[in-house]
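A closer look at the structure
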Amino acid sequence: MDKPIFWLPAASTQGVVVDRLFFALLALSGAVLLLVLVLLVTFAVRYRHGSKAKRGALPRLARREFEIGWTAATFFLFLFVFWWAGSANLSEFQPPSDAMEIHVTAKQWMFKTQHPNGAREINALHMPVDTPIRLAMTSEDVIHSFWVPAFRFKRDILPGRLTQGWFRANRTGTFHLFCAEYCGTDHSLMGGAIVVMEKDAYARWLAEQPEGDDLGKQGEALFVQLGCAGCHAGRSAVHAPDLAGLYGREIPLSDGTKVLADERYIRDSILQPRREIAAGFEPIMPSFAGTVSESDLAKLVAYIRSLASPSLAPQRSAAP
Ligand code: HEC
Ligand SMILES: [Cu+2]
């Protein structure tokens with residue numbers, strides 16, 4: 001790993017933006033500090049007790065126009081900094097749609113990661129350079145935090161909730177991963193390595209990993225095993241929505257509102273089915289909170305998402 005002496009070089013596109021912002025703010029604040037200090041010292045010396053400096057009418061420069069001018073100028077300058085930092089921050093929450101999805105499950109005291117094809121790692125994440133990576137993260141116990149200093153990326157991982165984040169590494173190398181939320185006895189040991197590789201090296205590495213079923217396939221098995229298929233399969237006697245083509249659709253709810261069927265909605269439908277009832281259906285679905293683990297949830301969601309491919313998904317018929 002790189003051994004920075006003074007400054008850890010940024011290794012992601014967001015990292016570069018954060019650094020630029022940091023140095024610009026440092027320079028700006030330094031300039032303001034210097035100006036104020038120089039004026040302070042100058043005036044303290046010039047108008048010290050007993051000095052003969054003129055103390056009559058204000059000099060021409062100190063007119064009202066000048067006051068308004070510099071106040072407005074600094075106001076807009078710092079407003080610009082606010083906009084700059086704000087937009088940089090917002091973009092961290094908007095992953096590109098073609099981002100590669102990595103599932104992260106945190107628990108005391110390790111990070112488990114899973115690639116789109118099902119390959120798994122513990123306390124490590126291999127990834128291709130110059131590729132947007134989207135993290136879908138959950139915790140199996142307490143709050144953890146996924147921190148990669150070289151990427152200037154830190155995001156909390158909460159139990160019972162899906163948090164997301166994304167980054168794009170712009171250099172190859174091995175970078176530290178830490179847990180940044182105190183999470184128990186071995187918190188200080190919780191961490192690992194982020195290995196950024198050339199794209200072809202990553203493809204070769206991935207091919208060498210033991211074959212894991214992809215998340216969707218595992219989810220399909222669970223879907224039967226947990227009895228979801230008993231209600232949701234087309235031939236079922238129970239009146240339950242067909243989940244094909246659900247993902248990404250606007251779903252009318254029984255209270256008249258509409259909701260986007262994203263990962264959050266699917267998760268909540270499984271854990272708290274009473275919260276949002278699909279219009280035209282009875283609230284008979286049991287809650288699976290406590291029955292399905294976080295990693296099983298990720299699989300179920302992946303399976304339901306995989307049903308969304310437009311070629312397979314029949315248009316949902318209006319609820320009777
Ligand atoms: C007893 C029958 C039953 C079982 C078992 C069941 N569901 Fe449901 N499910 C329903 C019904 C009825 C609805 C519609 C009412 C509602 O939104 O709660 C529904 C709604 C949903 C929705 C929201 C669909 C939409 O169109 O808005 C999802 C997602 C879902 N179920 C997934 C699952 C998964 C995954 C399992 C297994 C872990 C499961 N269900 C087990 C009956 C069932
Ligand atoms: Cu932790």
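Here, the structure is the one placed above.
The present account deals with the structure reproduced in this document.

1. Quick look at the coordination of the copper ion (ligand 2)
The copper ion (ligand 2) binds to the protein through H144 (ND1), C179 (SG), C183 (SG) and M190 (SD); the donor distances cover 2.0 to 2.6 Å. The sequence motif formed by the donor residues of the copper ion (ligand 2) is H-x34-C-x3-C-x6-M. You can see H144 sitting in strand β6 (residues 144–148) and its partner C179 sitting in strand β9 (residues 173–179), a full 35 residues away along the chain. Here the two residues H144 and C179 agree in accessibility, since each one is buried.

2. A word on the coordination of the iron atom of ligand 1
Ligation of the iron atom of ligand 1 by protein atoms is provided by H232 (NE2) and M285 (SD), these donors lying 2.0 to 2.1 Å from the ion. Geometry at the iron atom of ligand 1 is octahedral, judged from its six donor atoms and the angles of 88 to 179 degrees they form at the metal. With H232 in helix α5 (residues 228–232) and M285 in the loop between α6 (263–271) and α7 (294–306), this pair connects stretches of sequence that are 53 residues apart. When its relative accessible area of 15% is taken as the criterion, H232 is described as buried. Among the residues examined, M285 registers a relative accessible area of 27% and is labelled partly exposed.

3. Points about the packing of aromatic side chains
In this structure the tally under the stated criterion is 16 aromatic pairs. Measuring from centroid to centroid gives 4.9 Å for W7 and F23, while their planes differ by 45 degrees, and the two rings are tilted. Taken as a pair, W7 in the segment before α1 (13–46) and F23 in helix α1 lie far apart in primary sequence, 16 residues in all. On the accessibility criterion, W7 (33% relative accessible area) is partly exposed. On the numbers, 4.8 Å between centres and 55 degrees between planes, the contact of F151 with F167 is tilted. Remark: F167 occurs in strand β8 (residues 163–168) and F151 occurs in the loop between β6 and β7 (153–157); sequence separation between them is 16 residues. The exposure classification of F151 matches that of F167, with both residues buried. Here a set of aromatic residues connected by ring pairs shows up, and it is made of F111, F146, F151, F153, F167 and F175. Its end group placed over the ring of W147, K154 keeps NZ or CZ at 4.7 Å from the ring centre. Taking NZ or CZ as reference, R155 lies 4.1 Å from the ring centre of F93, over its face.

Thresholds, definitions, all that
- Residues numbered from 1 in each chain as written.
- Chains lettered and ligands numbered in written order.
- Predicted model: local features only at pLDDT ≥ 70, side-chain atom pairs only at ≥ 80, totals over all residues.
- Heavy atoms only, no water.
- Donors = N, O, S within 2.8 Å, 3.2 Å for Na, K, Ca; no water.
- Helix = DSSP H or I, 4+ residues; strand = E, 2+ residues; numbered from the N terminus.
- Buried < 20%, exposed > 50% of the residue type's maximum accessible area, 1.4 Å probe, protein only.
- Tetrahedral: all angles 85-135°; square planar, octahedral: opposite > 155°, others 65-115°.
- Phe/Tyr/Trp six-rings, centres within 6.5 Å; stacked < 30°, edge-to-face > 60°.
- Lys NZ or Arg CZ within 6 Å of the ring centre and 35° of its normal.

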